[in-house]
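For reference, the chains in residue letters:
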Amino acid sequence: MAETAAVLADQSQLIFSPDPDATCVMANMAPASLVEQILIRLNAGQRVVPLAYVNSSVGVKALCGKFQGSACTSSNAIPILKWALKQGGQVLFLPDKNLGRNTARLAGIEARDIQTLDIRQSGRLVDPEQTRNKKLLLWPGVCAVHFRLKDQHINQALLNDSTAK
């Protein structure tokens, strides 16, 4: 996120980062070079609009611009996804498949219209013909923190909160 702030800042603004070498595990699941290879492959069959969660690298966000897509936050993901769908073709949501799937559900997209991509082997397994009838393509990344969070953790937190009052 600091690299995005640095790109957007003007010359009079300073960007402070406690650790310039800090990374995001989820963002690292979608390296820009692989995302570009897959977008090129998918766009050979039909138009694919990339939609990247804000915790993506600046390189992935640049690709979203190059392929006429956008970036979103969790709070504006639904309207941005609806916008992307209106651009024609398909939408590639990345890097968090869970946010993509949950957003799709809230936007009224049926599960049958969604497919998670198999990006192994440097994207060679991605076949535009097999994804042609899908509205939403999901990158297979996940947030490591949210992935570990289970229903019982939430229930326990709610129980603790109600007993603390």
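Please read all numbers here as calculations on a predicted model, not as lab measurements.

Q: Just checking my understanding: could you explain the pairing of strand β1 (residues 48–53) for this structure?
A: Within a regular beta strand, the side chains point alternately toward one face of the sheet and then the other, so they alternate between its two faces. For β1, the tally of buried residues reaches six of six residues, placing the bulk of the element in the interior. The alternating pattern of β1 places V48, P50 and A52 on one face and V49, L51 and Y53 on the opposite face, and all of these are buried. Pairing geometry for β1 and strand β3 (residues 90–94), over five bridges, is parallel. Residue pairing for β3: V49 is matched across the bridge by V91. Of the strand pairs in this sheet, β1 and strand β2 (residues 70–72) are connected by three bridges, and their pairing is parallel. Residue Y53 lies in a different strand from β2, and its bridge partner there is C72. Each parallel crossover has a hand, and the one from β1 via helix α4 (residues 58–66) to β2 is right-handed.

Q: Looking at this structure, how should I read the sheet that holds β3?
A: One key point about sheets: their strands pair by backbone hydrogen bonds, in either a parallel or an antiparallel sense. Taken together, five strands build an open sheet; the order of strands is β2-β1-β3-β5-β4 and the sheet is parallel. If you trace the sheet from one side to the other, it starts and ends with β2 and β4 (114–116), each paired once. Adjacent strand axes in the sheet meet at a mean angle of 25 degrees when their direction is disregarded. Judged from the three bridges that link them, β3 and strand β5 (residues 136–138) form a sheet pairing that is parallel. Residue pairing across strands places F93 opposite L138, the latter belonging to β5. Packed on one face of the sheet, helix α3 (residues 32–43) meets β1, β3 and β5 and runs near 155 degrees to β1. Relative to β5, helix α6 (residues 97–106) is tilted by about 155 degrees, and along the sheet it contacts β1, β3, β4 and β5.

Q: Even after reading the chapter, I still don't get the nonpolar core, so can you show me in this structure?
A: One recurring pattern in soluble globular proteins: nonpolar side chains tend to sit buried together. Counting 19 residues, the largest nonpolar core has V35, I38, L42, L92, L94, L117 and W139 as the members making the most contacts within it. Of all elements in the fold, only α3, β1, α4 and β3 reach the threshold of two or more residues within this core. Top contributing element to this core by residue count: α3, with five residues. What L42 contacts, discounting residues up to four positions off in sequence, is V48, L117, V126, P128, T131 and L137. In terms of nonpolar packing, the next biggest core, distinct from the first, is built from 18 residues, Y53, A84, V91 and A104 among them.

Scoring rules and cut-offs
- Residues numbered from 1 in each chain as written.
- Predicted model: local features only at pLDDT ≥ 70, side-chain atom pairs only at ≥ 80, totals over all residues.
- Heavy atoms only, no water.
- Buried < 20%, exposed > 50% of the residue type's maximum accessible area, 1.4 Å probe, protein only.
- Helix = DSSP H or I, 4+ residues; strand = E, 2+ residues; numbered from the N terminus.
- Pairing = 2+ DSSP bridges.
- Right-handed = clockwise from strand over helix to strand, strands pointing away.
- Axes fitted to C-alpha atoms, helices over the stretch in contact; angles between N-to-C directions.
- Contact = heavy atoms within 4.5 Å.
- Core = buried A, V, L, I, M, F, W, Y, C linked by side-chain atoms within 4.5 Å.

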